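Coordinate analysis (summary)
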Amino acid sequence: MLYVFDKYALDPGRRELRCGATLVAMEPQAFDLLLHLVRHREQVVSRDELIEQIWGGRIVSESALSTRINAVRSAIGDSGSEQRLIKTLPRKGVRFVGQVREERASTEPPAGGPRQHGTSESVDMHEVDGASPASPVPAAATIDGHWPAPARVVPKPVEPRRSAVRRPALAAVAAIGLSGFAALTWNHLVRSAHSERTRANVETAAKLNHISEQINMVSREDYEAARALEQWAVDLDPHNAAALARLTFAIVTGVLNHWSGDVIGDLHAADLSLQDAVRLAPDSMIVRGAQCHILRAMRQFEAGIRSCSEAARSFPNYPFLHKEIGYNRLMLGQLDEAMAEFLEADRISPESRMRWSWNQGIGLIYLMQGQDQKAIDLLSRAALEAPNAGHPAAYLASAYALAGREQEAREALDHYMKLWPNTALNNFGPMVGTAAFNSKMERVLAGLRLAGLPE
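Here's a quick rundown of the structure. Just so it is clear, the structure is predicted and the values come from calculations on it, not from any experiment.

Despite not being glycine, Q83 has its phi angle at roughly 50°, a positive value. On the secondary structure map, Q83 appears in the loop between α3 (62-75) and β5 (86-89). On the accessibility criterion, Q83 (23% relative accessible area) is partly exposed. Within the chain, R91 stands out as a residue other than glycine whose phi angle is a positive 65°.

Structure, rendered in C-alpha cells:
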C-alpha cells in the first residue's frame, strides 16, 4: 500500500519516500517515525508511544526524539513553525494532519531495471579467445570435393551447450567477485565517511559546549542562547555527558527563573537529558550538580539537600552545590542553615561569576530578618553583578522601601518592572516554597507594596 500526500509517496514495502520521481533520503528511524504517524493519522500520537514503537521502549532523550521529528519534517518539506503536515500538540504529542490517499503499490519493476527475455544468446568460447573455427564435422557431405561453407556447418549439439554454460558461469563468478569487491569498497568508504562525520560532530559539539560555558545565565536571552547551544551540542554528539548535563542546567535555570513557557514539558525534557548524562558519566561533577539542581525545580527540597550534600563530600571545592543547599534550606524556611551554606559557597569561590546568586540569597535572608542595611549592601552587589536577573533588583527595592529610602526604592522597582512588566504582588516570587518560607516572604512583599508594586 502506498500512502500519497502532498507531492510525496510513502512506500512501506520498499521503505522509500519519493517526491515525484525523486527518492528522498531518510534515516531508518525517521522513516519508521513518519510511517507510524501516517498510519495513525486519525489520532494524536504521544511521545511515549513513539519511543515505544520506534525505539522499542529504550531510554531516549527528548532531544533525540525532537531531532527525529525535525528530520521527518525536513524530508517532507515541513517545519516546526509552519507545521503544515505534522502538528505538535503541547503536552499531548504529535499528529500527521496532511490529507493522505492510499493506493495499491505497483508490482512492476522500476523503470530502468534488468530486462527479462525468454531466450539467451550463447557465444562460443573459441571466438572469444580469438582461436580458429572448429574443424568440420567428420563424414559430412562434400560439394564438388569442397567442404561446405563455414556458415552452413552444423556443430555437435553438445558443444554450444557446453560453451553456453561455461561463459555465463565464468561471467557469474566474475560478477559475484566484482560485486563483493564493490560492496567491500563501498562499505569501507561509507564507514570512513561516517567516521569522519562522527569525529567532526564530536569536535563541533565540544566547541559549542565551550562557548556555552562562557554564558552566565542571568537573563532570558542568556538562557535561550545557552539552551540552544547545548541542544545543538547534544544533537551532534548524544554521548557527550557534559553537554547533556549542561542542557539540564539550562532548562532547569529557565524553570527556576520563570523563563520557561512550558514548565512541565521542560522539566520532563531536563529529566530525560539528565538520565542520559547519568548513564554515561554517573560520577561526573557536572552530572552530580545537575542531579542536585533539578530537585529544587521539582520542589523536592529535602531530597535536593541530601543529593547536594552527598555530592559536596565528593567535590568539596564545587561552590554550586553549597549554593543549591542554601536555596533548598531557604525554601524550607531554615534561614540560619541557608546562610551558612551561602557563606560556604562564598568562602570556596569568592571570585566566582555565580557569586551574585548567593549574595542574593544572603541579602534576602537579611531582608527577612529585618536587617535592611545589610540586605541593601548584599542585594546592591548582586544587582550590579547580574543587572538582568531581575529578582535582586526587586528585593533591593523592598529593602530600600523598608529602610525609608523611597526614591531609591522606586528606581530599583522601575528597573525590575522593565524586565518583568506584568508582575504584581499576587504573582511575585521565586519558585513557591513551603509555608515556612512563604510566611517569611510577607515582610518582603510589604516592602514591595511600599515601593509601589501593584496588587
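Turning our eyes to something else, we now look at the pairing of strand β2 (residues 8-11). Where strand β1 (residues 2-5) lies against β2, three bridges are found, and the strand directions are antiparallel. For F5, the partnering residue across the bridge sits in β2 and is Y8. Between β1 and β2, which pair antiparallel one after the other, the connecting turn spans two residues, and D6 there sits at a positive phi close to 50°. As defined by bridge partners, β2 adjoins strand β3 (residues 16-19) across four bridges and the pair is classed as antiparallel. Bridging across to β3, D11 finds its partner in E16. Between β2 and β3, which follow one another and run antiparallel, lie four residues, and R15 among them has a positive phi close to 50°.

Here R41 lies in the loop between α1 (28-39) and α2 (47-55). For R41, a relative accessible area of 15% puts it in the buried group. One polar contact links R41 to E102, side chain to side chain, over a distance of 3.0 Å. With residues near it in sequence (within four places) discarded, R41 still touches Y3, R95, F96, V100 and E102.

What follows covers the packing of helix α15 (residues 391-402) against helix α16 (residues 406-419). Any two packed helices are characterised by the angle at which their axes cross and by the distance between the axes. Two numbers describe how α15 lies on α16: the axes approach to 8 Å, and their chain directions differ by 160°. Between α15 and α16, the angle is such that the two are roughly antiparallel. Read as a crossing pair, α15 and α16 show a hand that is left-handed. Residues H391, A393, A394, L396, A397, Y400 and A401 of α15 form the contact with α16, whose own contacting residues are E408, A409, A412, L413, H415 and Y416. Classifying every residue of the contact of α15 with α16 gives ten nonpolar, two polar and one charged.

Glancing now at the sheet that holds β2. With antiparallel pairing, the five strands of this open sheet are ordered in space as β4-β3-β2-β1-β7. The open sheet has two edge strands, β4 (22-24) and β7 (100-103), and neither has a second partner. In this sheet, adjacent strand axes meet at a mean angle of 30° when their direction is disregarded. Taken together, the four bridges between β1 and β7 define a ladder with antiparallel strand orientation. Note on β7: the bridge partner recorded for Y3 is E102. Taken strand by strand, α1 contacts β1, β2, β3 and β7, and its axis lies near 100° from that of β2.

Quick notes on the rules
- Residues numbered from 1 in each chain as written.
- Predicted model: local features only at pLDDT ≥ 70, side-chain atom pairs only at ≥ 80, totals over all residues.
- Heavy atoms only, no water.
- Helix = DSSP H or I, 4+ residues; strand = E, 2+ residues; numbered from the N terminus.
- Buried < 20%, exposed > 50% of the residue type's maximum accessible area, 1.4 Å probe, protein only.
- Pairing = 2+ DSSP bridges.
- Polar contact = N/O pair within 3.5 Å; in protein donor to acceptor, adjacent residues only side chain to side chain.
- Contact = heavy atoms within 4.5 Å.
- Axes fitted to C-alpha atoms, helices over the stretch in contact; angles between N-to-C directions.
- Parallel < 35°, antiparallel > 145°, perpendicular 65-115°, else oblique.
- Left-handed = near helix turned anticlockwise from the far one by under 90°.
- Nonpolar A, V, L, I, M, F, W, Y, C, P; charged D, E, K, R; others polar.

Keep in mind these values describe shape, not function.
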